[in-house]
Amino acid sequence: MSELEKRICSVLLVCLMCVSVIACGAKQDPMEKIKDLEFSVIAEDKLPEELLSMIEEKKTSPFKMTFQDQGFLYICIGYGEQETGGYSVTVNELYETGNAIYVDTNLIGPGAEEKGKYALTYPYVVIKTEYIEKPVVFD
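This write-up is about the structure you can find in this document. (Residues numbered from 1 in each chain as written. Predicted model: local features only at pLDDT ≥ 70, side-chain atom pairs only at ≥ 80, totals over all residues. Heavy atoms only, no water.)

With that settled, the discussion passes to the side chain of Lys59. You can see Lys59 is positioned in the loop between α2 (49–58) and β3 (62–69). Residue classification places Lys59 among the buried positions, given a relative accessible area of 19%. A distance of 3.1 Å separates the side chain of Lys59 from the side chain of Glu56, its partner in a polar contact. Contact partners of Lys59, with chain neighbours within four places excluded, come to Gly80, Glu81 and Tyr122. (Helix = DSSP H or I, 4+ residues; strand = E, 2+ residues; numbered from the N terminus. Buried < 20%, exposed > 50% of the residue type's maximum accessible area, 1.4 Å probe, protein only. Polar contact = N/O pair within 3.5 Å; in protein donor to acceptor, adjacent residues only side chain to side chain. Contact = heavy atoms within 4.5 Å.)

What follows is about α2. Looking only at α2, the buried set comprises Leu51, Leu52 and Ile55. Viewed along the axis of α2, the buried residues span an arc of 100°, placing them on a single side of the element. For α2, exposure combined with an orientation more than 90 degrees from the buried face picks out Glu49, Glu50 and Glu57. The inward-facing, buried residues of α2 abut β3, β4 (72–79) and β7 (124–130). (Arc of directions from axis to C-beta.)

Taken as a whole and assessed by the stated rule, the structure comprises four salt bridges. With its nearest N and O atoms 3.1 Å apart, the salt bridge here joins Asp36 to Lys33. A salt bridge links Lys134 to Glu96; the shortest N-O distance between them is 2.7 Å. Pair noted here: Lys134 is in the loop between β7 and β8 (136–138) and Glu96 is in strand β5 (residues 88–97), with a separation of 38 residues, a long-range link. (Salt bridge = Lys/Arg side-chain N within 4 Å of Asp/Glu carboxyl O.)

Looking now at the sheet that holds β4. One key point about sheets: their strands pair by backbone hydrogen bonds, in either a parallel or an antiparallel sense. Taken together, four strands build an open sheet; the order of strands is β2-β7-β4-β3 and the sheet is antiparallel. The open sheet has two edge strands with one neighbour each: β2 (40–41) and β3. For β2 and β7, the ladder comprises two bridges, and the chain directions are antiparallel. Counted as the bridge partner of Val41 is Ile127 from β7. Packed onto the sheet, α2 meets β3, β4 and β7 and runs at close to 170° relative to β3. (Pairing = 2+ DSSP bridges. Axes fitted to C-alpha atoms, helices over the stretch in contact; angles between N-to-C directions.)

Before going further, it helps to examine the sheet that holds strand β1 (residues 33–36). Strand order in the open sheet formed by four strands is β1-β5-β6-β8, and the pairing between neighbours is mixed. Bordering the open sheet on either side are β1 and β8, each of which pairs with just one other strand. Strand-to-strand twist of the sheet, defined as the mean angle between neighbouring strand axes without regard to direction, takes the value 30°. Alignment of strand β6 (residues 101–108) against β8, held across three bridges, turns out to be parallel. Each bridged residue has a counterpart across the sheet, and for Tyr102 the counterpart in β8 is Val137.

Below, the structure is given as structure tokens:
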């Protein structure tokens with residue numbers, strides 16, 4: 001092999017190694033968490049009117065929906081009609097992956113003092129975060 005052929009082979013080998021390193025580094029599991037998202041739980045009186053109207057229509061049954069307004073994403077989870085008060089909803093996780101936003105919430109039942117008191121309630125939570133162009137997966 002001539003000196004020129006050796007140099008060309010060396011350059012090609014280096015280029016091939018660079019391409020394989022870049023390609024391997026770019027392969028990220030689309031289900032792997034990229035980052036936790038900052039969010040706020042929004043009170044009913046702070047909701048956009050259109051969103052509040054949509055929630056009012058759906059609140060008697062369990063629901064999961066999203067709403068976008070002015071650069072923000074609202075993630076809404078309702079647990080339907082309950083026969084007593086005292087329920088609360090916790091947000092366990094809100095995070096972004098390569099292909100989606102994942103949200104996990106939990107309905108916490110009423111304390112002993114609320115049990116036995118009959119009053120229809122409709123527990124739900126509205127989470128406000130930055131708008132990201134990805135689907136939301138409800139866990």
